[in-house]
Amino acid sequence: MTQKTPAYGARAAKAPVAPMTIERRDPGPHDVEIEILYCGICHSDVHKVNDDWENTHFPVVPGHEIVGRVVSQGAGGSPFREGELVGVGCIVDSCRACPECRAGHEMFCEKGVTFTFDSLEQGKETWTYGGYSASMVVDERYVLRVPKGLDPARAAPLMCAGITTYSPLRQFGCKPGDQVAVIGLGGLGHMVVKLASSMGADVTVLSTSRGKEEDAARFGAKRFIATKEPGALDALQGKFDLIVDTVSAPHDINEPLALLRNSGTLVLLGLPPNAAAATPINAGSLIFGNKRLAGSNIGGIPETQEMLDYCGEHGIVADVEVIPIQKVNDAYASMQRGDVRYRFVIDCASLGA
Ligand code: NAP
Ligand code: ZN
Ligand code: ZN
């Protein structure tokens, strides 16, 4: 049995995101049925609709930064209450038994993780549809608790942008006094500034647009560099312990490697289109200084809950512009121009409008 749900999605690569009706399963014994209140727009949604990674299965209903209210739960004695504010991030299922699942790294499930949208369910037959919709049904194990006191619209982006930035800061041991830089002040980038400065790091923003300087300071950055200005990077050579690269477009990564101090790490979060020319990396950029080049993929369910609890304790949420779903294509266009302050969040009540 299924239920029809209003949603917005794209029917083909680069097609406008438009109204459609999708089906959600009836809640099973361990499922939670959620009325979606807000859904953040991640740049990964834009890449998926554009088929930038050449793996999108259409039609696609994007959205994996979801906050909603529990409407009902299955008969299995759910840990959630009706009316409770909950979150759903990038992952909605996995095998639960492999070493990666048992370690809480469900995104690396050896049997294949089920992402929240454009992903095969564990039965390997049906596809998942994301949060640009009125409601969804999710196994309780993949549902997150939203700490009290966090504004629901501003908490939604924590479900992807929050965990994707919190995880590498923890993996690379961000601590008081560390010199941390972030490249790109968008949805992920502004969360790096808020989280790293809350951990006591001295944060520098490397941005293409001088216009974001005051906001960077408000988020906690100590320094702001407009990277297109001549000589902008001269004084920063060999400075940083950790550089977090959130740029969504192709760019040279030898340049930031030169800004690392010895044994420093450049961690890539941005996933530019497949078709883009790969950056050649000079071996010397890494060898002279024992530098490390790393990547980091979202974060598992336990670490996502840990991040949410951390944000609850520290009062950390995203800076958002709440829009009705009817403005989603304009939001995509702005994000493709790098013009976002700092996350568009869909008010999902507008799906019924
Ligand atoms: P976003 O909000 O659109 O921000 C990206 C920022 O990158 C822009 O605001 C801009 O910042 C900068 N930028 C854009 N084009 C640029 C260019 N040509 N050259 C230099 N800088 C440029 O995107 P997001 O949602 O933060 O996502 C960023 C990337 O991370 C995307 O590729 C997304 O798919 C990926 N992602 C990865 C993971 C993961 O698990 N690793 C998770 C989520 C998202 P300035 O204006 O400050 O220059
Ligand atoms: Zn995302
Ligand atoms: Zn698994």
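Structure first, text after, so check above.
Residues numbered from 1 in each chain as written. Chains lettered and ligands numbered in written order. Predicted model: local features only at pLDDT ≥ 70, side-chain atom pairs only at ≥ 80, totals over all residues. Heavy atoms only, no water.

For the pairing of strand S14 (residues 260–268), give the residues involved together with the corresponding values.
In terms of strand pairing, strand S13 (residues 240–245) meets S14 through five bridges, oriented parallel. Looking at S14, one finds that Asp245 is bridged to Leu268. Relative to strand S15 (residues 292–295), S14 runs parallel, the two being bridged by four bridges. Bridge pairing in S15 places Val267 opposite Ala294. (Pairing = 2+ DSSP bridges. Helix = DSSP H or I, 4+ residues; strand = E, 2+ residues; numbered from the N terminus.)

I'd like a description of the packing of aromatic side chains, backed by residues and values.
The final tally for this structure, using the stated rule, is two aromatic pairs. Ring geometry for Tyr166 and Tyr310: centres 5.6 Å apart, planes at 55°, overall tilted. On the criterion of sequence distance, the pair formed by Tyr166 in helix H4 (residues 161–171) and Tyr310 in helix H9 (residues 301–314) is long-range, its members being 144 residues apart. Just as Tyr166 is buried, Tyr310 falls in that class too. Ring centres of Phe219 and Tyr342 lie 5.0 Å apart, and the angle between their planes is 85°; on these two criteria the pair is classed as edge-to-face. In this pair, Phe219 sits in helix H6 (residues 213–219) while Tyr342 sits in the loop between helix H10 (328–336) and strand S17 (343–347), placing the two residues 123 residues apart along the sequence. Under the relative-accessibility criterion, Phe219 is labelled buried at 6%. (Phe/Tyr/Trp six-rings, centres within 6.5 Å; stacked < 30°, edge-to-face > 60°. Buried < 20%, exposed > 50% of the residue type's maximum accessible area, 1.4 Å probe, protein only.)

Requested: an account of the sheet that holds strand S12 (residues 223–226), with residues and values cited.
Either a parallel or an antiparallel arrangement is found when strands of a sheet pair, and the pairing is made through backbone hydrogen bonds. If you trace the six strands from one edge of the open sheet to the other, you get S12-S11-S10-S13-S14-S15, paired in parallel fashion. Each edge of the open sheet is held by one strand with a lone partner, namely S12 and S15. Taking each pair of neighbouring strands and ignoring which way they run, the sheet shows an average axis angle of 20°. Relative to S12, strand S11 (residues 202–207) runs parallel, the two sharing four bridges. (Axes fitted to C-alpha atoms, helices over the stretch in contact; angles between N-to-C directions.)

Before we move on, could you go through the coordination of the zinc ion (ligand 3) and cite the residues and values that matter?
Surrounding the zinc ion (ligand 3) are the protein donor atoms Cys95 (SG), Cys98 (SG), Cys101 (SG) and Cys109 (SG), at 2.3 to 2.4 Å. What the four donor atoms of the zinc ion (ligand 3) show is an angle range of 102 to 121° at the metal, which sorts the shape as tetrahedral. (Donors = N, O, S within 2.8 Å, 3.2 Å for Na, K, Ca; no water. Tetrahedral: all angles 85-135°; square planar, octahedral: opposite > 155°, others 65-115°.)

I'd like a rundown of the pattern of salt bridges, residues and numbers included.
Counted by the stated rule, this structure contains 20 salt bridges. One salt bridge in this structure joins Asp178 and Lys175, with 3.0 Å as the shortest N-O distance. The class for Asp178 is buried, based on a relative accessible area of 9%. Relative accessible area serves as the criterion here: at 46%, Lys175 is assigned to the partly exposed category. Here the residues in one salt-bridge network are Arg154, Lys194, Asp215, Arg218, Asp319 and Arg341, joined through shared partners. (Salt bridge = Lys/Arg side-chain N within 4 Å of Asp/Glu carboxyl O.)

An account of the environment of Gly131 is requested, with residue identities and associated values reported.
Position of Gly131 among the secondary structure elements: in the loop between strand S7 (114–115) and strand S8 (135–139). Along the primary structure Gly131 and Val60 are separated by 71 residues, whereas in three dimensions their C-alpha atoms are 11 Å apart. Aside from chain neighbours lying at most four places away, what touches Gly131 is Ile36, Cys39, Pro62, Gly63, Ile66 and Cys348. (Contact = heavy atoms within 4.5 Å.)

Could you give an account of the coordination of the zinc ion (ligand 2), naming the residues involved and the relevant values?
Protein-derived coordination of the zinc ion (ligand 2) comes from Cys42 (SG), His64 (NE2) and Cys160 (SG), at a distance range of 2.0 to 2.3 Å. Going along the chain, you hit the donors of the zinc ion (ligand 2) in the pattern C-x21-H-x95-C. Pair noted here: His64 is in the loop between helix H1 (43–49) and strand S4 (66–73) and Cys160 is in the loop between helix H3 (152–155) and H4, with a separation of 96 residues, a long-range link. On the basis of relative accessible area, His64 is assigned to the buried category, the value being 9%. Here Cys160 falls in the buried class, since its relative accessible area comes to 4%.

An account of the packing of H4 against H9 is requested, with residue identities and associated values reported.
At a minimum axis separation of 10 Å, H4 and H9 run at an interaxial angle of 95°. For the element pair H4 / H9, the angle class is roughly perpendicular. Mapping the contact onto sequence places Gly162, Ile163, Tyr166, Ser167 and Arg170 in H4 and Glu303, Thr304, Glu306, Met307 and Tyr310 in H9. For the contact of H4 with H9, a count of residues per class yields four nonpolar, three polar and three charged. (Parallel < 35°, antiparallel > 145°, perpendicular 65-115°, else oblique. Nonpolar A, V, L, I, M, F, W, Y, C, P; charged D, E, K, R; others polar.)

Explain H4 to me, using residue names and the numbers behind them.
Within H4, nine of the eleven residues are buried, leaving the element largely enclosed by the surrounding structure. Listing the buried residues of H4 in full gives Ala161, Gly162, Ile163, Thr164, Thr165, Tyr166, Ser167, Pro168 and Leu169. Tucked inside the fold, the buried residues of H4 contact helix H5 (187–198), S13, S14, H9 and S17. Trailing H4 by a residue or two, Gly173 shows a phi angle of about 65°, which is positive.

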